[in-house]
Amino acid sequence: MTKRTVSPDSPAHRAVFAVTSLVPQFPAPADIPATGVRWVLVADQGVAIHDGENPQVYTQACPPQPGLVEYLGQIGTAPCYAAEQTKDIPLPEGWVVAGVRELYGRIPDEDVAVASFAVRMIGAAKTSRFCGRCGHETVPVLAERAKQCPSCGLVTYPRISPAIIVLIARGEEILLARSPRLPAGMHSLIAGFVEPGETLEHAVRREVGEEVGITVKNIRYFASEPWPFPDSLMIAFVADYATGEIAIDNNEIVAAGWFGRDNLPELPKKLSISRALIDQWVEHKIPLA
């Protein structure tokens, strides 16, 4: 069989939630400019959009009496901010709240990425509002994306939670599994969070062993993406089956099996890195060991 690899000019996965158009320029402005600002209004885990034939996520005006406000970066020459839309203040006329996933395919991917980043940064601001060491209220650090306690000096950065996801191949089949969190009938890949003291490869072996009871070999990197639900960094791998029989844990995984290209079950949506892994395998583009 001819060895095939993913071309460096054709990335294995285009990470929808990577904010490539947003440049974080620091120090952040000490005061929000009066004009020329792009605002993203965050409401719970969604954002406000101007609904209609051409939905958009940016507004030129800060909402009245916003909750938390976070500097996101620059889009071209325009500073961009996220503002928390408080429940007691009505949205501007013609605006509605939409979940970030719902925006995929409705607005440009770069705008989806900025919207998801806005939700993530407001969420990070909420969890770092008070110092985890002494309980004092924190203040923004203008020189970087962080909060600092003015009492004890502790600096807190937005949390990033690394997680692995792995496509396991056995000949012309791959292992797909059902988490109880997935919609009925949908299968995906084995995934899990990296624990303290682990390498990424160690996390792959541990998660596979814990969830489906088999061992893997030839672990190799595929791609990565920020997954802002709420703060994961997904690192994707491909691995080959080594030994063992499938034995699900009936906790994280409720069903698992080997599937060929002609009998795949319902799969995750195409915006996810799990679907990118599966699609690359279906198209015979996964690098061989």
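Conventions adopted
- Residues numbered from 1 in each chain as written.
- Predicted model: local features only at pLDDT ≥ 70, side-chain atom pairs only at ≥ 80, totals over all residues.
- Heavy atoms only, no water.
- Helix = DSSP H or I, 4+ residues; strand = E, 2+ residues; numbered from the N terminus.
- Contact = heavy atoms within 4.5 Å.
- Phe/Tyr/Trp six-rings, centres within 6.5 Å; stacked < 30°, edge-to-face > 60°.
- Buried < 20%, exposed > 50% of the residue type's maximum accessible area, 1.4 Å probe, protein only.
- Lys NZ or Arg CZ within 6 Å of the ring centre and 35° of its normal.
- Salt bridge = Lys/Arg side-chain N within 4 Å of Asp/Glu carboxyl O.
- Pairing = 2+ DSSP bridges.
- Axes fitted to C-alpha atoms, helices over the stretch in contact; angles between N-to-C directions.

Undergrad: Please set out the environment of F193 residue by residue, giving values where relevant.
TA: Of note, F193 is situated in strand β11 (residues 190-193). Separated by 169 residues in sequence, F193 and P24 place their C-alpha atoms 27 Å apart. Aside from chain neighbours lying at most four places away, what touches F193 is S161, P162, A163, E198, R206, E207 and S232.

Undergrad: Which residues make up the packing of aromatic side chains, and what values do they have?
TA: This structure, assessed with the given rule, holds eight aromatic pairs. Pairing F17 with W227 gives two aromatic rings, centres 5.3 Å apart and planes at 75°, and the pair type is edge-to-face. Remark: W227 occurs in strand β12 (residues 215-227) and F17 occurs in the segment before β1 (38-43); sequence separation between them is 210 residues. The same class applies to F17 as to W227, namely buried. Note on Y241 and W258: the rings are 5.6 Å apart at their centroids and 85° apart in plane angle, and the pair reads as edge-to-face. Of the two residues, Y241 sits in strand β13 (residues 232-243) while W258 sits in strand β14 (residues 255-259), which places them 17 residues apart along the sequence. An aromatic cluster is present here, built from F26, W39, Y71 and Y81 joined pairwise through their rings. In this arrangement the basic side chain of R38 is found over the ring face of Y58, its NZ or CZ atom lying 4.8 Å from the centre. When the ring centre of F229 is taken as origin, the NZ or CZ atom of R101, which lies over that ring, is 3.9 Å away.

Undergrad: If you had to explain the pattern of salt bridges to someone new, which residues and values would you point to?
TA: One pass over the structure, following the stated rule, counts 17 salt bridges. Salt-bridge contacts for D279 lead to K270; the nearest nitrogen and oxygen are separated by 2.9 Å.

Undergrad: For the sheet that holds strand β4 (residues 78-84), give the residues involved together with the corresponding values.
TA: With respect to topology, five strands assemble into an open sheet ordered β3-β4-β1-β2-β5, the strand pairing being mixed. In this open sheet, the two strands that pair with only one neighbour each are β3 (69-75) and β5 (95-99). Averaged over all adjacent pairs, the angle separating strand axes in this sheet is 35°, with direction ignored. Relative to strand β2 (residues 46-50), β1 runs antiparallel, the two sharing two bridges. Looking across to β2, one finds that A43 is bridged to G46. Its contacts with the sheet place helix α2 (residues 109-127) against β1, β2, β3 and β4, and it is angled at close to 145° to β3.

Read these as layout, nothing more, since geometry by itself doesn't imply function.
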